[in-house]
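Listed below are the residues making up each chain.
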Amino acid sequence: MISDSSPIAAIATAPGRGGIGVVRISGKGLMPIARAVCRLDGRDLKPRHASYLDFVNADGSVIDRGLALYFSAPNSYTGEE
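The structure displayed is predicted, hence computed values, not measured ones.

Conventions adopted
- Residues numbered from 1 in each chain as written.
- Predicted model: local features only at pLDDT ≥ 70, side-chain atom pairs only at ≥ 80, totals over all residues.
- Heavy atoms only, no water.
- Pairing = 2+ DSSP bridges.
- Helix = DSSP H or I, 4+ residues; strand = E, 2+ residues; numbered from the N terminus.
- Salt bridge = Lys/Arg side-chain N within 4 Å of Asp/Glu carboxyl O.
- Buried < 20%, exposed > 50% of the residue type's maximum accessible area, 1.4 Å probe, protein only.
- Polar contact = N/O pair within 3.5 Å; in protein donor to acceptor, adjacent residues only side chain to side chain.
- Contact = heavy atoms within 4.5 Å.

Draft legend 1. Local environment of the pairing of strand β3 (residues 50-56). Sheet analysis places β3 next to strand β4 (residues 62-69), joined by 7 bridges and oriented antiparallel. When the bridges of β4 are listed, Ala50 appears paired with Leu69.

Draft legend 2. Molecular detail of the pattern of salt bridges. The full count for this structure, using the stated rule, is 3 salt bridges. Of the charged contacts in the structure, one is a salt bridge between Arg35 and Asp44, with a shortest N-O distance of 2.8 Å. A residue is classified by how much of its surface remains accessible, and Arg35, at 41% relative accessible area, is partly exposed. Notably, a salt bridge pairs Arg65 with Asp54, separated by 2.4 Å at the nearest N-O pair. You can see Arg65 sitting in strand β4 and its partner Asp54 sitting in strand β3, a full 11 residues away along the chain. With relative accessibility at 40%, the residue Arg65 sits in the partly exposed group. Taking the relative accessible area as the measure of exposure, Asp54 reaches 12% and is therefore buried. Because the salt bridges share partners, they merge into one network encompassing Arg39, Asp54 and Arg65.

Draft legend 3. Up close: the side chain of Asp54. Polar contacts involving the side chain of Asp54 include one to the side chain of Arg65, which spans 2.4 Å. Every residue in contact with Asp54, bar those within four places of it in the chain, is listed here: Val37, Cys38, Arg39, Val62, Asp64 and Arg65.

Draft legend 4. Structural context of the environment of Ala12. Of note, Ala12 is situated in the loop between β1 (8-11) and β2 (23-26). Residue class for Ala12 comes out partly exposed when judged on its relative accessible area of 39%. A C-alpha to C-alpha distance of 5.4 Å links Ala12 and Val23, two positions 11 residues apart in sequence. Discounting chain neighbours no more than four positions away, the residues touching Ala12 are Val22, Val23 and Arg24.

Draft legend 5. Seen up close, the environment of Ala9. Looking at where Ala9 falls in the secondary structure, it is placed in strand β1. We classify Ala9 as exposed; its relative accessible area is 59%. On a C-alpha basis, the gap between Ala9 and Arg24 in space is 5.6 Å, while along the polypeptide they are 15 residues apart. The residues contacting Ala9, other than those within four sequence positions of it, are Arg24 and Ile25.

Following this line, the structure appears as structure tokens:
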């Protein structure tokens, strides 16, 4: 069996119209991705804590504000970060 430890991202929003969008990422070493997507101001996301913050573009401009939740391994649904 081949094991790929590359991070994956997937839209997890329910189909239809809604007030929120959900994107899940899972894999190993996700904090650099979180730092690139969220304005964390030099800090890391706290495990099992909802943080309200900016989501940013590659140029640092704000796309939206929202909640980021981080589940550290092995305490997540997939057992990964």
